[in-house]
Structures are given as structure tokens and as C-alpha cells.
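# Survey of secondary and tertiary structure
As a plain string of letters, each chain reads:
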Amino acid sequence: MKLWEDAGSALQKLRSKRPLIHHITNFVTMTDCANATLAVGASPTMTNAVEEVEEMAAAADALLLNMGTLQHWTVDAMLLAGKAAEKAGIPIILDPVGAGGTAYRTESVLRVIQNIPVTIIRGNLSEIICLAYKKSGVNPGVDNHEKTTVDISLITRIAQLLGTTVVITGAADAVSDGTHSVVLGNGCPMLTYVTGTGCMTTSLIASFAAVTDPFTAAAAGTSVMAIAGEQALADGGNAGPGSFHQLLFNSIYQFKADSFHLYGKVLIENGTK
Amino acid sequence: MKLWEDAGSALQKLRSKRPLIHHITNFVTMTDCANATLAVGASPTMTNAVEEVEEMAAAADALLLNMGTLQHWTVDAMLLAGKAAEKAGIPIILDPVGAGGTAYRTESVLRVIQNIPVTIIRGNLSEIICLAYKKSGVNPGVDNHEKTTVDISLITRIAQLLGTTVVITGAADAVSDGTHSVVLGNGCPMLTYVTGTGCMTTSLIASFAAVTDPFTAAAAGTSVMAIAGEQALADGGNAGPGSFHQLLFNSIYQFKADSFHLYGKVLIENGTK
Amino acid sequence: MKLWEDAGSALQKLRSKRPLIHHITNFVTMTDCANATLAVGASPTMTNAVEEVEEMAAAADALLLNMGTLQHWTVDAMLLAGKAAEKAGIPIILDPVGAGGTAYRTESVLRVIQNIPVTIIRGNLSEIICLAYKKSGVNPGVDNHEKTTVDISLITRIAQLLGTTVVITGAADAVSDGTHSVVLGNGCPMLTYVTGTGCMTTSLIASFAAVTDPFTAAAAGTSVMAIAGEQALADGGNAGPGSFHQLLFNSIYQFKADSFHLYGKVLIENGTK
């Protein structure tokens, strides 16, 4: 399958280049995000002082903005770093944690997407729908908050409304750049018993985005986490979230270029690159 | 035993309801607190921006305030969130980390308990005695700082002075709401070789407080951590604190309603609910 | 060997005294640093509010300053705490994370070393060379940025330029107080796949500095991490960085006074104490 071939090549390139991923991220999951970035083969930096984020972003191969524990000074840092990343021509990956959860949070996320040319956005269904609706003024077609799965037409429409590559993770994961869309079928429920598996997925996506196109990066990063989760569960992670958590880093580290082909599940694919 | 029956029922309710526990907490142990909250079956949020903590607290099922790495802006956030929690009628759980350690810390903790109707306070002996003395002006009966164990009359008196449910954790753990008091006998020394086991205990107590009365919540949360510690040690955690740390989350996750009855040790009990 | 005898005695003293190590440190690795400090037998505190750091430092047995995720308020806290530590006569250990990476970072690190009598500095080669050059105005003899190993004459010259005990960690580790210098040969590449192993090494050095002279502390702390890494790898850490990470804490915890003698490798030694 073309997608898994591209993902496998990207992983080899990632490990050979060891790209620098600058994170402005939340305080809860930052250690795990740094370790996920290292495990896949990239190199994380994580400073968030307004005095230096422009220099950090300009020296990086990708910039990741995660809104988890936002403060006015981290949002300021994101805007400065985002402008520097735009100037440097590196991809910008956004994790709009909790968008829609509070007025301040939604407003801050909008400030970021209105001022920074974001390349890829990853979130759960409610966060991404909130963003698409707030940015475009168009309801992407979800009538109630109880919808918990995403179909291929919904992810495509949302990517078109947002004008970026979009990843929605959940019971199933979906990726679209507005033209090319997939619904992916890997993962396991134990991933929801470890904080930060969503944030770590965004770190993996950013690591791939430093070496390949946004669609491939989004699908590859999402699939590494989902497949690594399945393997961690099989390797002893079913004993509980403590074991699972640590085995996850082993599985990301041991992930091979052909693991996409061997274990990856594409449930539906529409369009091509 | 009535206490363990109540605790078991609360655990079932907790896992069925999956309550939202909003934390304003310290930066050292927040990841572990989030993971302990997930492992027991509740759902953690952890933002601390003054712009949004009121909305977060109002949407939560319990509010946890942990003074560990306090800053003037986190204390401001605690006061705002505490007022919102009071208005919403949800329980407020306080972890007065390091009370008595510095003037600023003691003063900040007092500001919190004088302005916010705290439901449960959990700390070690010196923190709790400092708080009881500072709040009431009455020495709770400890003549020197070398006292390291707590007896049933001391915990009862402290709860009465503070006018809340109180948990003191240490070599033995004790819980009192001023009328009903217990000294508990589970736990193991390896818990002191992992940072944040006290903070995590407070997260577990807050998770239970969202679904049951303060006394049951305090005893249940404290006992889950202490019993999970014993099980983690038996399951391989005696190899060292790294293994123990991860196994602890497995044990919390695997904790069952009848585990209280099977493994819980009440050393002394005074009064009844 | 005299060095390992001194290190072994220091470890026994450390575990008997359980010194308090106050950290003003970065948000990415602070949990792991606290756990490494506990595992070796010392006791960590980690507050960074300007209102209380002087009191915290004055009550501690050593002060650790780590520049990782610096903010103007953490730098202010470092300066205040450093002055209090100087007055209290306790050792001050500096980890100049990312020195040379941005103008603000380099300037902030210089502000610290120009105002605070630092006892030991630990960093990687580029950080330490940046500091030595900026402080002394003398190029310590490295002509290009591609140099990745440190020899005995370089570490000695750098320690003389900085006027402190210096540790450079990397493929080989080197320690010098300007007179007595060693190049050490323990460690393994898996240490680079876990974030914070450098920061944790600094925590171990600070733990030893509370009970022994700077040179012994620097060599002992560096060697505990490097040897513990080898043992974690042998004990199952070769499965990947998740397993390795947790086993590392076990190995630090199980480290014995004679482990220095049994496993420590001194590649070159110049001068004596």
C-alpha cells in the first residue's frame, strides 16, 4: 500500500536525520512527549520563554504547539514561535487540548490558528469540531455531542473547513488533508488509561512532519502510537496502565519501517495523494 | 465491616460515573497524579490559568488543590476555583504540601483554608499540625517535632480544630471527620522512595469524594494507595523504586470493590458515621 | 583506588544523613530528578517561588540550579536561592542546559555564574565550552563544533578557566577541579533515549556534594548514573527505553558502596587530591 510505503520511508529518513522538534507544550505530559520523541528517533526541545522561543523555533525542524496547560505567557510564546517557524518554513503542528472546554481556551486556540499557518492539527472529535465550527462558522455536520466516531466524509469536510491536514483520534483514528482521507483501525482502550497518549501522538506526528509531507506524517505518527499500543498490550501491558505505559516506549523504539505494512489497518481510504 | 462495604460501593460508583477531578497542583507530581486518577477510574483535568479555572471547577465533580510548587498565580487560581467549586457544591480536597516549611507557604495555605470551604485535607503529620495550630491557635497536643506517629485521639482533635475531614499519612495513616476516626495499617516503606505517592493519595481521595461522603472517601482513597503499594511490592516492586512505581498503577487499576475487605487493615476505630 | 574508596564512603554517609537537595529545575525532567535523588538516598525539594526560595535553600544541604526551561522568574529565584546558599555555606551545583543555544539562555547562565559562587558545573561538551569561553574570554582549545569527545587536558583547562569543579558528560565522561582530573569509561547509548539522564546525573552529583568534597561528589554522581545505566541495560533495559528508564531507578537504589570499585572505569587520571 502506497501510504505504508511512504510511512516506512519517512521513518527511515527520520532516524537518519534525527530532526529537532521544538515543543511549546503542557506541563502534565511533557516528559512523556520528550520520551516519545526520543523513542521514535527524533530530538525534542521544550523551552517556552518568550525571550528565546523564536530562536529555538528557527533552529528546529518542526514546531509543536500544545494548548494543554495554557497560560497567557505560553500563548504569547506560541505566537512568537509560530511566526518564526513560518519564516523558517518548517511545519507547525497544533494540539488544541480542551478546545471548547472554556471560553478562554477556545479563544486562545482561535488566536493561534488565525495568526499562525498551522500545517497539521490533531485532537479528539469534540476539540476538532469546535475548532472547525469556530473558524469557519459552518457546522461540520454533527448534530449532537454524543457522536463519538468519525466517518470518512466528516474528516474530509473538517479538513476542508480548516484548510489544514487534520487528525481526529479516538475509538477509530481519521486523517485528511481535504483531498486524501483515511480512517485507521489500530489502537486499544488501554491507551485511554495513560495520560498524554494523545499529546505523544502529536509529538510523533511532528517528528514525521519534519521529514515528509503532512498527510503521510499525520497517518504515520498516528499509526505508530496505535500499533505500539497494541504491541505494548500484547507484551505485558494488559497487567495494567503502569506496565503498559513503559512498554509503549519500547514499542515505539522498536517500531520498524515495515511495521506499518505488517500491522497497519486502513479501514477506508478516499482520494490519493 | 461497614467502612469497607461503603468503600467498595463507592469504588463501583466511581468506575461507573467516571467523575471529573479538576486539579490545581504541583509541577513535580502532576503526571503521576493524572495517571493515578485514571487508574482508579476517574478523569483528571489540570489547567491552572486564572482565566479559566472557575469554568473548569464548575464543570468538575471534585476540586483538588495541591500547594507543592505554589506561585502567586497558582494560589490566585486556587482561590478562584475554590469559590466556583463552593458555588457548584462540589467537594474541595486540599494537599498542604510543605505547610510550615516557609513563611510564604504557610501564609498561602492559610489564605486557602480561610477563604475556601475545604472538605478534606490530606498531609503528613507536621503539615497537618502546622495547619491546625495556625488556624485554631490551639496546640493540638504535640510537644515536639520528633513525634512521627499519630494516635486516634490526636487525629480526632485535629479534625475538630480544623472543622473538616482530615487524613494524616505516614508510617500509619489516620482519618477523622471529628466524630468518626480510624487508624489504618496498610502501606510499605517503598512508597517513600517514589516522589508523589502522597499527592497521588490525595488524587485518589478526591476521586472518591466525587461519589461518596468525605469520611468514606478519605479512608477509601488512602487505603487504595496503601494496599496497592503492598501489592506492587509483592508483584516485583521489591526490585526497586522504578519497578515499584509502575506496578503501583497496575495495582490501583486492578483494585476491586472487595479488595478493601480482603486486604484493608483498620487498627483502631472510634465513633461511627 | 582512592577515588572509589572516597566515593563508597560518601555513598554510605549520604544514605545515613539523607541530605536535603533543593532544586530549582526544569519542568521536563523534574519528576525523574526527584526520583533519582530519592533512589540514591537523598531527599529532594523543588519549589521555585521567589517568595520562598531563600528559606528553602537556607534549610537545604545542597542547592541545584538547572536552566532547562528557564523563565525570568526562575532565573530570579536561582539568584536569590544562590545568595542564600552562599550565606549558608552549602554547595551549589549548576546544570547549564542549552547554554549557547539562544542569546537569552547564554546570558542567563552567565548571570548565574557571575553572581553565584558555583561549586560544580555539569553539562555536555558544547554547553561547558560555551560557558568557559564566555566567562573567561579564552577559547579552551576546541577549534570546531564537531569535536564530541573530551580529553584530560581539555577538561583540566576548562576547570581552570571556570574556577570550579566541572563535569562533562557524553560518550565518555570527564571530571576536573583544575588540579585533579579523570576521564571515566562507564555508560551506554540507551541513556540518550531517555530524557533527563543528564539532569538526573546532576541531581546525583548534588546529593553527593552535600556529604563530600566537590571532586569526589562529581565523580561519584556521574559514575552512579553511568554504572546504573549499564546495569539497567543488562537487567532487561535492552528491550527499549521504557523498560530501561524504570530499571535505572532500581539500579541507583541498589547501588552499593563497593559498586564503584567493582564496576567503575577510570580511563585516565591526572593529579591527585
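Predicted, not measured: the structure shown is a model, and the values here were computed from it.

Within chain A, the regular secondary structure consists of 11 helices and nine strands. Its C-alpha atoms give chain A a radius of gyration of 17 Å, near enough to 19 Å, the size a compact globule of 273 residues would have. For the C-alpha atoms alone, the extent of chain A along its principal axes is close to 40 × 40 × 35 Å. Counting across all 273 residues of chain A, residues that qualify as buried make up 63%. For chain A, the share of sequence-separated contacts (at least 6 apart) that also reach a separation of at least 24 residues comes to 73%. Here chain A displays about 9100 Å² of accessible surface, and carbon together with sulfur accounts for 51% of that area. Distance between charge centroids for chain A: 3 Å, based on 17 positive and 23 negative side chains.

Another aspect to go through is the interface of chain C and chain A. With 26 residues of chain C at the interface, the matching set in chain A holds 22 residues. Run the count over chain C and chain A and you get 10 residue pairs in polar contact (both at pLDDT 80 or more). Taken together, the elements giving at least two residues each to the side of chain C that touches chain A come down to α4 (72–88), α5 (103–115) and α10 (241–254) of chain C. Sort the elements by how many residues they give to the side of chain C that touches chain A and α10(C) lands first, with five residues. Split into classes, the residues belonging to the side of chain C that touches chain A amount to 11 nonpolar, 13 polar and two charged.

A word on the UniProt feature "binding site: ATP" (unreviewed entry) in chain A. Residue and element names in this part refer to chain A. Per the UniProt record, "binding site: ATP" (unreviewed entry) is found at R122 and T169. These annotated residues cover 48 residues of sequence, but their C-alpha atoms sit close together, with the largest distance between any two at 7.4 Å. Take R122: it is sitting in strand β5 (residues 120–123). On the basis of relative accessibility, which here comes to 6%, the residue R122 falls in the buried class. Ignoring anything within four residues of it in the chain, the contact list for R122 reads L94, D95, P96, I128, V167, T169, G198, C199, T201, T202 and I205. A distance of 3.0 Å separates polar atoms of two side chains, one belonging to R122 and the other to D95.

This part covers the packing of α5(C) against helix α6 (residues 125–136) of chain C. Residues and elements named next belong to chain C. Interaxial distance between α5 and α6 falls to 11 Å at its minimum, and their mutual angle equals 65°. Note that α5 runs across α6; the crossing there is right-handed. Between α5 and α6, the contacting residues are T106, V109, L110 and I113 on the first element and C130, L131, K134 and K135 on the second. By residue class, the composition of the contact of α5 with α6 is five nonpolar, one polar and two charged.

In the numbering adopted here, UniProt assigns the feature "binding site: substrate" (unreviewed entry) to A:M46 and A:G196. On the secondary structure map, A:M46 appears in the loop between β2 (43–45) and α3 (53–59). According to the relative accessible area criterion, A:M46 is buried, its value standing at 7%. Excluding anything up to four places from it in sequence, A:M46 contacts A:H22, A:H23, A:T25, A:M30, A:C33, A:A34, C:V28 and C:T69. Within the secondary structure, A:G196 sits in the loop between β8 (181–184) and α8 (197–209). Taking the relative accessible area as the measure of exposure, A:G196 reaches 10% and is therefore buried.

Another point: the relation of the copies chain C and chain A. Least-squares fitting of chain C to chain A yields an RMSD of 0.0 Å, with the superposition described by an axial translation of 0.0 Å and a rotation of 120°. Accordingly, the operation relating the two chain copies is best matched by a three-fold axis. Considering only C-alpha atoms, the residue of chain C closest to the rotation axis is C:F27, which sits at 3.9 Å. Mapped onto chain A, only 12% of the interface residues of chain C again fall at the interface, so the copies present different surfaces.

For the rest of this paragraph, the subject is unusual backbone geometry. One non-glycine residue with positive phi stands out, namely A:R18, at about 50°. Along the chain, A:R18 falls in the loop between α1 (2–17) and β1 (20–24).

With that out of the way, let us pick up the packing of aromatic side chains. Applying the stated criterion across every chain yields a total of 21 aromatic pairs over all chains. Judged by centre distance (6.4 Å) and plane angle (50°), the ring pair of C:F27 and C:W73 falls under tilted. Residue C:F27 is located in the loop between β1 (20–24) and α2 (30–40), and its partner C:W73 is located in helix α4; the two are separated by 46 residues in the primary sequence. Across this residue pair, the class does not change: C:F27 and C:W73 are buried. Here the aromatic cluster, defined as three or more aromatic residues joined through ring pairs, consists of A:F27, A:W73, B:F27, B:W73, C:F27 and C:W73.

On to the packing of helix α2 (residues 30–40) of chain B against helix α10 (residues 241–254) of chain B, then. Residue and element names in this part refer to chain B. Where α2 contacts α10, the two axes come as close as 7 Å, and the packing angle between them is 30°. It follows that α2 is roughly parallel to α10 by the angle criterion. For the pair α2 and α10, the crossing hand works out as right-handed. For the pair α2 and α10, the contacting residues are D32, N35, A36, A39 and V40 in the first and H245, F249, I252 and Y253 in the second. The residue makeup of the contact of α2 with α10, split by class, is six nonpolar, two polar and one charged.

This part covers the nonpolar core. Core analysis: the largest hydrophobic core is formed by 168 residues, its most contacted members being A:F208, B:F208 and C:F208. The contact partners of A:F208, leaving out residues within four places of it in the chain, are A:A7, A:A10, A:L11, A:L14, A:V40, A:A217, A:A220, A:G221, A:V224 and A:F260.

Residues and elements named next belong to chain C. Along the chain, A209 falls in helix α8 (residues 197–209). A C-alpha to C-alpha distance of 9.6 Å links A209 and I21, two positions 188 residues apart in sequence. Not counting the four nearest positions on each side in its chain, A209 is found in contact with P91, I93, I120 and A217.

Here B:T169 takes part through its side chain, which lies 2.6 Å from a polar atom of the side chain of B:R122. Polar side-chain contacts of B:R122 include one of 3.1 Å to the backbone oxygen of B:G198.

Moving on to the interface of chain A and chain B. Listed as interface residues are 26 residues of chain A and, on the opposing side, 22 residues of chain B. Here chain A packs against chain B, burying approximately 2000 Å² in sum over the two surfaces, 57% of which is carbon and sulfur. When residues of chain A are sorted by the area they lose upon contact with chain B, A:V28, A:Q71 and A:Y193 head the list and together hold 26% of the total. Our count for the chain A to chain B interface comes out at one salt bridge. Close ionic contact of A:R105 with B:E52 constitutes a salt bridge, the shortest N to O distance being 2.5 Å.

Once that is clear, we can look at the pattern of salt bridges. All names here are of chain B. In the structure shown here, the tally under the stated rule is 15 salt bridges over all chains. Between R111 and D76 there is a salt bridge; the shortest N-O distance is 3.8 Å. Of this pair, R111 sits in helix α5 (residues 103–115) while D76 sits in helix α4 (residues 72–88), and the two are 35 residues apart along the sequence. Given the relative accessible area of 37%, R111 is considered partly exposed.

What counts and what doesn't
Chains are numbered independently. Their residues run from 1 in the order of the written sequence. To read the labels, note that chains go from A and ligands from 1, taken in the order they are written. For a predicted model such as this one, the threshold for reporting local features is a pLDDT of at least 70, and the threshold for listing and counting side-chain atom pairs is 80 or more; totals across whole chains, interfaces and linings nevertheless cover every residue. Side-chain numbers come from the whole structure's heavy atoms, not from hydrogens or water. Runs of E in the DSSP output that reach at least two residues are strands. Runs of H or I that reach at least four are helices, and both are numbered from the N terminus. Values of the radius of gyration come from C-alpha atoms, whereas the globule rule sets the reference at 2.2 Å times the count of residues to the power 0.38. The buried label applies to any residue whose accessible area, calculated with a 1.4 Å probe on protein chains only, is under 20% of its type's maximum; exposed applies above 50%, and partly exposed to all values in between. The contact criterion used throughout is that any non-hydrogen atoms of two residues lie within 4.5 Å. The accessible surface values rely on the Shrake-Rupley method and a 1.4 Å probe; as for residues, cover is taken only from the protein chains in view. Residues counted as positive are Lys and Arg, residues counted as negative are Asp and Glu, and His and the chain ends are not counted. Just so you know, the charge point we use is NZ for Lys, CZ for Arg, CG for Asp and CD for Glu. Residues adjacent in sequence count toward polar contacts only when both atoms are side-chain atoms; beyond that, a polar contact is any pair of N or O atoms within 3.5 Å, and within protein one must be able to donate a hydrogen and the other to accept it. Under the scheme applied here, ten amino acids are nonpolar (Ala, Val, Leu, Ile, Met, Phe, Trp, Tyr, Cys and Pro), four are charged (Asp, Glu, Lys and Arg), and all others, including Gly, are polar. UniProt positions are given in the numbering used here, feature names are shortened, and annotations may be inferred rather than shown by experiment. For every element, the axis is a line fit to its C-alpha atoms; helices are fit only across the contacting stretch, and the angle between N-to-C directions ranges from 0 to 180 degrees. Take the far helix as the reference: if the near one is turned anticlockwise from it by less than a right angle, the crossing is left-handed, and if turned clockwise, right-handed. The atoms used to superpose the copies are C-alpha atoms, taken from residues with pLDDT of at least 70 in both, and the fit is least squares. The criterion for an aromatic pair is that two Phe, Tyr or Trp rings (for Trp, the six-membered ring) have centres within 6.5 Å, with stacked assigned to planes under 30 degrees apart, edge-to-face to planes over 60 apart and tilted to the rest. By the definition adopted for this analysis, an angle is roughly parallel if under 35 degrees, roughly antiparallel if over 145, roughly perpendicular if from 65 to 115, and oblique otherwise. What is meant by a nonpolar core is a set of buried Ala, Val, Leu, Ile, Met, Phe, Trp, Tyr and Cys residues, joined one to another through side-chain atoms within 4.5 Å. The term buried area means the drop in 1.4 Å probe accessible area that two parts suffer when joined, counted for both and summed. A pair is scored as a salt bridge if a Lys or Arg side-chain nitrogen falls within 4 Å of a carboxyl oxygen belonging to Asp or Glu.

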